[in-house]
Amino acid sequence: MRFEAFSRPAASQRGDCLVIGAFERGELGPEATTVDRALRGRVRRLLGNGDFSGRSGETLLLPEVPGLAAGRLLLVGLGAKAQFNRRGWRRALQSAIAALARTRIASAAIALERPGARELDDYYFGRSTAEITAASLYRVNDLKTERRARPPALARIRLGPVDASAIADVRRGLAAGAALSDSARLLRDLGNLPANVCTPRYLAAQARKLEGTYRRRLRVRIFDEAGIRRLKMGCLLAVTRGSAEPPRFIVLDYRGARRSRAPLVLVGKGVTFDTGGISLKDPPAMDEMKYDMCGAATVLAAIDFAARSELKINLVGLIPTCENMPDGRAVKPGDIVTSASGQTVEILNTDAEGRLILCDALDYARRYQPDAVVDFATLTGACIIALGHHHSGVMGNDDALARELIEAGVRSDDRAWQLPLTEDYGEGLRSNFADMANIAGRDGGAITAAAFLGKFTRGLSWAHMDIAGSAWTGGAAKGATGRPLSLVADFLTRRALGAKS
């Protein structure tokens, strides 16, 4: 996809289609008014005749419109003018791209009204346009044998009109959004692959592929089962015991700043399929447990974005990856295992496996003396109960770091919400037989899971993101969403801008 910005009047833009917006009750903004004058009032007549209401997300494609340089005109509803905001703009753009994708239109000039700079500045105007366009055009990487529908023809988007003073910021945003979109495609493709394809070894191969692409700045190390055993990662080994598929521990080291600068460590849960183990899950929707590696995919995509954008930051990605399966060798409720930190864990529920593989990786992060550690995991159904699918959950021992992540989510429209994590929540993890248990009951389940991880992050600046509700959509439209990569990319970009190479 090619993205450009333009400053000349919208009516003069050549190409297959011009996209403008209209409000309800026949109201037009400045851009649409200019186009309407060029069309001798045709847009207002459509609104006045009731052919187009301006309702939010409504679209109407007009072919062969005299007075325009473009071949066609697409009208998009913006809703009530008094209520128009960033959310309404995003919905209008999504509707416009979806309408264009149903045609063979290859190039479009988009001249939608946008909310004020306080809600959407020039940089995020460009970045969000590129992100939304790519997300709307994404097609699931299915394995169907019948002839597939042709991919959308849309290949070029021009955005404007943009003031000359703002065009550099818009172009910078478009470039960032395009890079982020390519990385988001990697995340979504990995999430959508079936678990018999996307195995721990497959994730390791994708890491190697990234290393080959960004050879100058990225180094990858893969630990097999014997290597994991040498690292004394007893919790990771316990989870993988019931599976014939061997585990991997993946380490990605991206160097974009001087080596003396402490890295930021990103840790991603990589359970490529989660049956629950001996504590077997209910069968309905168990197929969606292929998405239990979206934390790992987020880390791979974040490293890809950093390398693609040449961010001046040092990053380490840690991915413990395995399957959680039941068989005669599988770990059992009541078993006690020893983590890489030396702490012992009584496993009361084998379906609380994500925290077990993460705790060994979090301990491994210490050897980098990191500036901060952030982990990403589809960890608990309890987080979905607490926050639904709109916000990712954030917890940790560093409120300033948590606020950084939340503010990145606000800027990027990839929202997160902080849940409390006080010492009280860890009391339910007490065990009569080990240093701790791996569960603490149903109450506050998302928080007690984080409290478990917190026992392995003392002395570190650490935040945990529970993305169980945001990483994928279930039901008829099931698929990986690409979240929370937009938040992570914004967080990393801000961190990089604050660092010196």
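What you are looking at is a predicted structure, and each value in this text was computed from that prediction instead of being measured.

Engineer: Which residues make up the overall build of the protein, and what values do they have?
Structural biologist: Scanning the protein from N- to C-terminus turns up 14 helices and 20 strands. Structurally, the protein occupies a C-alpha span of about 80 × 50 × 45 Å along its principal axes. Taken across its 501 residues, the protein has 59% of its residues classed as buried. At a minimum sequence separation of 6, the contacts of the protein that also span at least 24 residues come to 78%. Roughly 21,400 Å² of accessible area belongs to the protein as shown, and the carbon and sulfur atoms make up 47% of that amount. Taking the average location of the 71 positive side-chain charges in the protein and that of its 55 negative ones, the two points are 7 Å from each other.

Engineer: How would you sum up the pattern of salt bridges? Please name residues and give values.
Structural biologist: Scanning the entire structure with this criterion turns up 28 salt bridges. Taking the shortest distance from any N to any O, the salt bridge between glutamate 245 and arginine 201 comes out at 2.8 Å. Taken together, the residues span a long stretch of sequence, with glutamate 245 in the loop between helix H8 (234-240) and strand E8 (248-255) and arginine 201 in helix H6 (residues 200-213) at a distance of 44 residues. Using a relative accessible area of 44% as the deciding quantity, one classes arginine 201 as partly exposed. Ionic pairing is found between aspartate 371 and arginine 495, a salt bridge with its closest N-O pair at 2.6 Å. With aspartate 371 in the loop between helix H10 (354-365) and strand E14 (372-377) and arginine 495 in helix H14 (residues 485-497), the pair connects residues that are 124 residues apart, well separated along the chain.

Engineer: Lay out the side chain of serine 95 in plain terms, naming residues and giving numbers.
Structural biologist: Examined against the element boundaries, serine 95 turns out to sit in helix H3 (residues 86-101). For serine 95, a relative accessible area of 17% translates into the label buried. A distance of 3.3 Å separates the side chain of serine 95 from the backbone oxygen of glycine 57, its partner in a polar contact. In this structure, serine 95 is in contact with Gly57 and Thr59, ignoring residues within four places of it in sequence.

Engineer: Quick rundown of the side chain of asparagine 324? Include the residues and the values.
Structural biologist: Position of asparagine 324 among the secondary structure elements: in strand E11 (residues 314-324). Side-chain polar atoms of asparagine 324 contact the backbone oxygen of threonine 350, separated by 3.2 Å. When sequence neighbours within four positions are dropped, the list of residues in contact with asparagine 324 reads Val239, Val271, Phe273, Asp274, Thr275, Gly276, Gly277, Thr350, Asp351 and Glu353.

Engineer: Pulling in residues and values, what's your account of helix H12 (residues 399-412)?
Structural biologist: Along its 14 residues, H12 runs 20 Å from first to last C-alpha, staying within 8% of the 20 Å computed at 1.5 Å per residue. Residues of H12 that are buried include every one of Leu401, Ala402, Leu405, Ile406, Ala408, Gly409, Arg411 and Ser412, and no others. Where H12 begins, the capping side chain belongs to aspartate 398, and its oxygen is found 3.0 Å from the backbone nitrogen of alanine 400.

Engineer: Explain the pairing of E11 to me, and be specific about the residues and the numbers.
Structural biologist: Counting buried residues in E11 gives 11 out of 11 residues, a clear majority hidden from the surface. Bridge count between E8 and E11: eight bridges; the pairing is antiparallel. Residue pairing for E11: arginine 248 is matched across the bridge by threonine 321. Sheet topology places strand E9 (residues 264-268) next to E11; four bridges connect them, and they run parallel. For leucine 266, the partnering residue across the bridge sits in E11 and is glycine 317. Direction of pairing for strand E10 (residues 270-274) relative to E11: parallel, over a ladder of four bridges.

Engineer: I'd love a proper account of the layout of surface pockets, names of residues and values included.
Structural biologist: Size it by volume and the second largest pocket reaches roughly 940 Å³. Lining the second largest pocket we find 34 residues, and of these Lys281, Asp351, Thr380, Gly381 and Ala382 sit closest to its centre. Residue assignment for the lining of the second largest pocket shows that the elements contributing at least two residues are H10, helix H11 (381-387), helix H13 (445-454) and strand E19 (472-473). The biggest single contributor to the lining of the second largest pocket is H11, with four residues.

Engineer: How would you explain helix H4 (residues 122-137) if you had to name every residue and give the values?
Structural biologist: Over its 16 residues, H4 extends 23 Å from the first C-alpha to the last, a length consistent with the 22 Å expected when each residue adds 1.5 Å. With 12 of 16 residues buried, H4 is to be regarded as a mostly interior element. Inspection of H4 places Tyr123, Tyr124, Phe125, Gly126, Arg127, Ser128, Thr129, Ala130, Glu131, Ile132, Thr133 and Leu137 among the buried residues, and these make up the whole buried set. Where H4 is buried, its residues meet strand E1 (2-5), H3, strand E6 (156-159), helix H5 (167-192), H12 and H14. Measuring from the side-chain oxygen of the N-cap residue of H4 to the backbone nitrogen of tyrosine 123 gives 3.2 Å; that N-cap residue is aspartate 121.

Engineer: Break down the nonpolar core for me, with residues and values.
Structural biologist: Leu252, Leu266, Leu315, Met465 and Leu492 are the most contacted members of the largest nonpolar core, which totals 64 residues. When residues in this core are grouped by element, the largest group, 11 residues, is from helix H9 (residues 294-309). For leucine 315, the residues in contact, after removing those within four places along its chain, are Leu252, Asp253, Tyr254, Pro263, Leu264, Leu266, Ile303, Ala306 and Leu492. With 49 residues, the next largest nonpolar core counts Ile228, Val239, Cys359 and Ile447 among its residues.

Engineer: Any details on the sheet that holds E1? Residues and values, ideally.
Structural biologist: The strand order E1-E6-E5-E2-E4-E3 describes an open sheet built from six strands, whose pairing is mixed. This sheet does not close on itself; its edge strands, each paired only once, are E1 and strand E3 (59-63). With direction set aside, neighbouring strand axes in the sheet form an average angle of 20°. Across five bridges, the pairing between E3 and strand E4 (residues 70-77) is antiparallel. Opposite leucine 60, over in E4, you have leucine 75 as the bridge partner. Each of E1 and E6 is contacted by H4, which is oriented at about 155° to E6, the strand it contacts most.

The rules behind the values
- Residues numbered from 1 in each chain as written.
- Predicted model: local features only at pLDDT ≥ 70, side-chain atom pairs only at ≥ 80, totals over all residues.
- Heavy atoms only, no water.
- Helix = DSSP H or I, 4+ residues; strand = E, 2+ residues; numbered from the N terminus.
- Buried < 20%, exposed > 50% of the residue type's maximum accessible area, 1.4 Å probe, protein only.
- Contact = heavy atoms within 4.5 Å.
- Areas by Shrake-Rupley, 256 points an atom, 1.4 Å probe, with all protein chains shown as cover.
- Lys, Arg positive; Asp, Glu negative; His and termini not counted.
- Charge placed at Lys NZ, Arg CZ, Asp CG, Glu CD.
- Salt bridge = Lys/Arg side-chain N within 4 Å of Asp/Glu carboxyl O.
- Polar contact = N/O pair within 3.5 Å; in protein donor to acceptor, adjacent residues only side chain to side chain.
- Expected span 1.5 Å × (residues − 1).
- Pairing = 2+ DSSP bridges.
- 1 Å grid on protein atoms, 1.4 Å probe; cavity = no way out; pocket = protein on both sides within 12 Å on 5 of 7 lines; lining within 4 Å.
- Points joined across faces, edges and corners; volume = space filled by probe spheres on them.
- Core = buried A, V, L, I, M, F, W, Y, C linked by side-chain atoms within 4.5 Å.
- Axes fitted to C-alpha atoms, helices over the stretch in contact; angles between N-to-C directions.

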